[in-house]
Amino acid sequence: MTLKVKYFGLIAELTACEEESIEISATSIAELIQFLSEKYPSLKSKDFQIAQNREIASIETTLTGEEIALLPPFSGG
Amino acid sequence: MNEKKIKNVFKEGAISSEFIGQAIAKHQSKTTIGAHNIFLGQVRTDEINGKKVSAIMYTAYEDMANEKFHDIREATFKKFNLTCMHIYHSLGQVNTGEICLFVFVSSPHRKEVFEALEYVVEEIKSKAPVFGKEFFEDDTHQWKVNQ
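Here the structure is a predicted model, which means the values were calculated and not measured. (Residues numbered from 1 in each chain as written. Chains lettered and ligands numbered in written order. Predicted model: local features only at pLDDT ≥ 70, side-chain atom pairs only at ≥ 80, totals over all residues. Heavy atoms only, no water.)

Caption draft 1: The arrangement of the overall build of chain B in detail. The helix and strand inventory of chain B stands at three helices and eight strands. In terms of C-alpha radius of gyration, chain B reaches 16 Å, essentially the compact-globule figure of 15 Å for 147 residues. If you line up chain B on its principal axes, its C-alpha atoms span 50 × 35 × 25 Å. Restricting to contacts in chain B with at least 6 residues of sequence separation, those with at least 24 account for 76%. For chain B, the centre of its 19 positive side-chain charges and the centre of its 20 negative side-chain charges are spaced 6 Å apart. (Helix = DSSP H or I, 4+ residues; strand = E, 2+ residues; numbered from the N terminus. Rg over C-alpha atoms; globule rule 2.2 N^0.38 Å. Contact = heavy atoms within 4.5 Å. Lys, Arg positive; Asp, Glu negative; His and termini not counted. Charge placed at Lys NZ, Arg CZ, Asp CG, Glu CD.)

Caption draft 2: Spatial organisation of the side chain of B:N37. Residues and elements named next belong to chain B. In this structure, N37 sits in strand β2 (residues 35–42). Of the polar contacts made by the side chain of N37, one reaches the backbone oxygen of V113; its length is 3.3 Å. Beyond its immediate stretch of four places on either side in the chain, N37 contacts V103, F104, V105, V113, F114 and L117. (Polar contact = N/O pair within 3.5 Å; in protein donor to acceptor, adjacent residues only side chain to side chain.)

Caption draft 3: Focus on the nonpolar core. In terms of nonpolar packing, the biggest core is built from 28 residues, with B:F10, B:F69, B:I87, B:V103 and B:I124 touching the most fellow members. Going through the elements one at a time, β4 (51–60), α2 (62–79), β5 (84–95), β6 (99–107) and α3 (110–127) of chain B are the ones with two or more residues in this core. Counting residues per element, this core draws most heavily on α3(B), at six residues. For B:I124, the residues in contact, after removing those within four places along its chain, are B:F69, B:I72, B:I87, B:L101 and B:V103. Membership of the second largest hydrophobic core comes to 20 residues, among which are A:A12, A:I29, A:I33 and A:Y40. (Core = buried A, V, L, I, M, F, W, Y, C linked by side-chain atoms within 4.5 Å. Buried < 20%, exposed > 50% of the residue type's maximum accessible area, 1.4 Å probe, protein only.)

Caption draft 4: Quick look at the interface of chain B and chain A. Facing 25 residues of chain B, the contacting portion of chain A comprises 18 residues. Summing both sides of the interface, chain B and chain A together bury roughly 1800 Å²; the carbon and sulfur share of this comes to 55%. Looking at the side of chain B facing chain A, the largest losses of area belong to B:Y61, B:F131 and B:W143, adding up to 36% of the total buried there. Its salt-bridge partner being A:R54, residue B:E67 comes within 2.6 Å of it at the nearest N-O pair. At the junction of chain B and chain A, the tally comes to 13 residue pairs in polar contact (both at pLDDT 80 or more). For the side of chain B that touches chain A, the elements supplying multiple residues, two or more each, are β4, α2, β6, α3, β7 (130–136) and β8 (141–143) of chain B. (Buried area = accessible area lost by both parts, 1.4 Å probe. Salt bridge = Lys/Arg side-chain N within 4 Å of Asp/Glu carboxyl O.)

Caption draft 5: Structural detail: the side chain of B:E134. Residues and elements named next belong to chain B. Relative to the helices and strands, E134 resides in strand β7. This buried residue, E134, is left without a salt bridge; K144 holds the nearest opposite charge, at 5.6 Å. Among residues more than four places away in sequence, those in contact with E134 are D46, I48, V53, A55, I56, T140, H141, Q142 and K144.

In structure tokens, the structure reads:
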């Protein structure tokens, strides 16, 4: 499937882009993280959460094709 | 599902004292209110490895953040007897000493606003996908992490 993936903060700095479309055969968030870690090796050492369709998702979550975002630790306020 | 319109809490740049003053003035007509409580987040001159922070550049996953702010509002109204609540957060550059977060809660009585304000601010810190890039005086930077 084709996934729209957004990157924020420190993560966007590592990927050098804020958004991209990726073609992927992965079915879970865990497989997606593995795919992205191969594409961007520096992700491996970073702390981040994944949101699917604007909700935080655990690594077991099934990919639905909706928008994905990689979110580093929050620092609002 | 809740059909209430999702508000945009973000403002470009620092939140001015005039804006905060006007927000207070607008509530003078709401005379069932007996107590307001206000939280103002201010950008601090942190010193890290001998270098001083001069500003924070805020970015956010705006769609998700506005949904989270909405959820926090709804949960707070359920938990506490509030008359009204307003939340504003900066995006873009905010210099040290300037205000980046303004939370304003109002109720007939004081007890509710003390508890509600702390709840709202802690929820924002932990749930809103907002990211602060701390700039130092020598133009280097680091990404802030909430304590």
